[in-house]
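# Reading the structure
Listed below are the residues making up each chain.
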Amino acid sequence: PSYQDTLTRVKNILEVHLGVEPTAVDTDSSFVDDLGADSLDNIELAMAFEEEFEIEIEDHEAATFNDVDDAVKFINNAIESKTINVEAKREPELS
């Protein structure tokens, strides 16, 4: 997905879980300082991102999300990595 597509979906998740208006969220919005997330919110957000984007986020990886941009970039990289791995498994075997 494009950066903008992922950003839009992340903003929608933030609205549901934190009650913030998507228009109030910028890429440099800090989860803690600007959006008011606490440690439990961060865990719930990581789980919501995993479900929405069908990826896995380890706890130590989620802890590195300081702002919305960090999360969007991580998600897009995880999707890209997953796509590459799936395509590699689909390559036909030579007989």
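Residues numbered from 1 in each chain as written. Predicted model: local features only at pLDDT ≥ 70, side-chain atom pairs only at ≥ 80, totals over all residues. Heavy atoms only, no water.

Right, let's get into the pattern of salt bridges. A full pass over the atoms with the stated rule returns 2 salt bridges. Note that E52 and R9 form a salt bridge whose closest N and O atoms lie 2.8 Å from each other. Taken together, the residues span a long stretch of sequence, with E52 in helix α2 (residues 39-53) and R9 in helix α1 (residues 3-18) at a distance of 43 residues. One salt bridge connects D69 with K73, and the closest N-O pair in it is separated by 3.0 Å. Of the two residues, D69 and K73 both sit in helix α4 (residues 68-90), 4 residues apart, roughly one turn of that helix. The exposure class assigned to K73 is partly exposed, which follows from its relative accessible area of 46%. (Salt bridge = Lys/Arg side-chain N within 4 Å of Asp/Glu carboxyl O. Helix = DSSP H or I, 4+ residues; strand = E, 2+ residues; numbered from the N terminus. Buried < 20%, exposed > 50% of the residue type's maximum accessible area, 1.4 Å probe, protein only.)

Take the side chain of D69 next. The exposure class assigned to D69 is buried, which follows from its relative accessible area of 17%. Engagement of the side chain of D69 in a polar contact is seen with the side chain of Y3, the distance being 2.5 Å. The residues contacting D69, other than those within four sequence positions of it, are Y3 and T27. (Polar contact = N/O pair within 3.5 Å; in protein donor to acceptor, adjacent residues only side chain to side chain. Contact = heavy atoms within 4.5 Å.)

Where empty space is left can be seen by rolling a probe of water-molecule size over the atoms. Within the structure shown, the criterion is met by 1 cavity of 30 Å³ or more. Within this model, the largest cavity holds a volume of roughly 50 Å³. Looking at the largest cavity, the residues that line it are F31, N42, L45, A46, F49, A62 and F65. At 4 residues, α2 tops the list of elements feeding residues into the lining of the largest cavity. The class makeup of the residues in the lining of the largest cavity is 6 nonpolar, 1 polar and no charged. (1 Å grid on protein atoms, 1.4 Å probe; cavity = no way out; pocket = protein on both sides within 12 Å on 5 of 7 lines; lining within 4 Å. Points joined across faces, edges and corners; volume = space filled by probe spheres on them. Nonpolar A, V, L, I, M, F, W, Y, C, P; charged D, E, K, R; others polar.)

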